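# Coordinate inspection notes
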Amino acid sequence: MKRIELKNIHKSYGNQKVLNDVSFQIGKGEIVGLLGPNGAGKSTLMKIITGFIKADKGSASVMGMDVSKNSLTVKKHIGYLPEHNPLYLDMYVREYLAFVASIYKTKTSRIDQVILDTGLTPEAHKKIGQLSKGYRQRVGLAAALIHDPDILILDEPTTGLDPNQLVEIRQLIKDLGRNKTLILSSHIMQEIEHLADRVLIINQGKIMADESLKTLQAGQQQIIEVEFDIRIEREFLDKLPHISAAENIYEHIWCLAFETQDDMRPAIFDFANTQGLKILQMRQKNKNLEQLFKELTQA
Ligand code: ADP
């Protein structure tokens, strides 16, 4: 049994089609990234899976149950962190989590457990309003985890965090997701690249790609930026193995594309050496997945 199964989901708001024939299945232990520009339909899709809103057409099931018919039971299996992480700023962390625990009728021992699991211990005595954005996000994660759900759904969980918080929350999500089915959304490709092992690219309510991250990365060109010490001709670079494109971006700096999975940097060094060239700088640019994302999501 698949943990999540969507079949031909359609959803419109007024005249606007927000989801257009969306189908996919997600199994146990998968970490799926929902990647798409703002307004693509990510939040709407997540709300349909969690049972907060209904699709106009199609079916959504969670743990083998139709979401629209079993919305209360389905909610027990899902931990959901909505995009804007609504919290009661006047409540104390522990008080808020006790409140959420009471809604789910979970054992009170879960409160201490999620405080521990999300690294909230040093802040647990504070009011939520006193916490940094990173710690507020931890409170949201703790609340989503209180009933120990099988499935965790996180809507843009890292948006608006500073770089340090970002690293911490990413790691936390990775740790928390280890024994769960995890779906998270982002409009930023790097976020999905860091966290997911399968990527669903969504644009204007349609699924444009559904692949493992490895496959998406493997199908792409390798792009390397090199600065040589002298001016060279384009034809000269054709001697490089696997080269598919070369663009002179500035003076002695070239952007080279290769059709291979082998790391071409050592080969470029050897090539320069035998040709009597010096390399002043070399950088592997992982722009490839980003380019694919742009191609798939351009209107
Ligand atoms: P994303 O999460 O990818 O940014 P959303 O699912 O939030 O996208 O929104 C998709 C589209 O649906 C947007 O154009 C948004 O304005 C519209 N939309 C979302 N919720 C509503 C609503 N309750 N009423 C009307 N339009 C909505």
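Data block above holds the structure.
Fair warning: this is a prediction, and the values are worked out from it, not measured in the lab.

This next bit is on the overall build of the protein chain. Across its full length, the protein chain holds 11 helices and 14 strands. In terms of its C-alpha atoms, the protein chain occupies a principal-axis envelope of roughly 75 × 45 × 35 Å. In the protein chain, buried positions account for 47% of the 299 residues. Partitioning the intrachain contacts of the protein chain with sequence separation of at least 6 by distance along the chain shows that 67% fall at a separation of at least 24. By element, 49% of the accessible surface of the protein chain is carried by carbon and sulfur atoms, the whole surface being about 15100 Å².

We now examine the pattern of salt bridges. Taken as a whole, this structure holds 14 salt bridges when the rule is applied. Here Arg-198 and Glu-30 are joined by a salt bridge, their closest N and O atoms 3.0 Å apart. Here Glu-30 lies in the loop between strand E2 (16-26) and strand E3 (31-35) and Arg-198 lies in strand E9 (residues 198-203), a separation of 168 residues in the sequence. By relative accessible area, Arg-198 is classed as buried at 11%. Here Arg-94 makes a salt bridge to Asp-112, at a shortest N to O gap of 2.6 Å. Of this pair, Arg-94 sits in helix H3 (residues 93-104) while Asp-112 sits in helix H4 (residues 109-117), placing them 18 residues apart in sequence. A relative accessible area of 38% places Arg-94 in the partly exposed class.

Every residue near the ligand is listed here: Tyr-13, Gln-16, Val-18, Pro-37, Asn-38, Gly-39, Ala-40, Gly-41, Lys-42, Ser-43 and Thr-44. Here an oxygen atom of the ligand and a backbone polar atom of Gly-41 are 2.9 Å apart. Examining the composition of the shell around the ligand, we find that 3 residues originate from one element, helix H1 (residues 42-50), more than from any other. Here the shell around the ligand is built from residues that sort into 4 nonpolar, 6 polar and 1 charged.

Now for the side chain of Glu-225. By secondary structure assignment, the location of Glu-225 is in strand E11 (residues 222-228). For Glu-225, the residues in contact, after removing those within four places along its chain, are Ile-249, Ile-253, Trp-254, Cys-255, Gln-281, Met-282, Arg-283 and Lys-285.

The next subject is the pairing of strand E13 (residues 253-258). Within E13, 6 of the 6 residues are buried, which leaves the element mostly enclosed by the surrounding structure. Residue alternation in E13 divides its side chains into two sets, Ile-253, Cys-255 and Ala-257 and Trp-254, Leu-256 and Phe-258, and both sets are buried. Where E11 lies against E13, 6 bridges are found, and the strand directions are antiparallel. Each bridged residue has a counterpart across the sheet, and for Glu-227 the counterpart in E13 is Ile-253. Bridge count between strand E12 (residues 243-250) and E13: 6 bridges; the pairing is antiparallel. In the strand pairing of E13, Asn-248 is matched with Trp-254.

Soluble, globular proteins show a tendency: their nonpolar side chains are buried together. Counting residues in each nonpolar core, the largest one holds 45 residues, and the members touching the most others are Tyr-96, Leu-97, Val-139, Leu-154, Ile-173 and Leu-184. Here this core gets 6 residues from one element, more than from any other, and that element is helix H5 (residues 133-145). If we ignore the near neighbours within four places in the chain, the residues touching Leu-154 are Met-46, Leu-81, Leu-141, Ile-173, Leu-182, Ile-183, Leu-184 and Ser-185. Judged by nonpolar contacts, the second largest core, of 27 residues, contains Leu-6, Ala-40, Val-74 and Ile-151.

Cut-offs used in this document
Residues numbered from 1 in each chain as written. Predicted model: local features only at pLDDT ≥ 70, side-chain atom pairs only at ≥ 80, totals over all residues. Heavy atoms only, no water. Helix = DSSP H or I, 4+ residues; strand = E, 2+ residues; numbered from the N terminus. Buried < 20%, exposed > 50% of the residue type's maximum accessible area, 1.4 Å probe, protein only. Contact = heavy atoms within 4.5 Å. Areas by Shrake-Rupley, 256 points an atom, 1.4 Å probe, with all protein chains shown as cover. Salt bridge = Lys/Arg side-chain N within 4 Å of Asp/Glu carboxyl O. Near = heavy atom within 4 Å. Polar contact = N/O pair within 3.5 Å; in protein donor to acceptor, adjacent residues only side chain to side chain. Nonpolar A, V, L, I, M, F, W, Y, C, P; charged D, E, K, R; others polar. Pairing = 2+ DSSP bridges. Core = buried A, V, L, I, M, F, W, Y, C linked by side-chain atoms within 4.5 Å.

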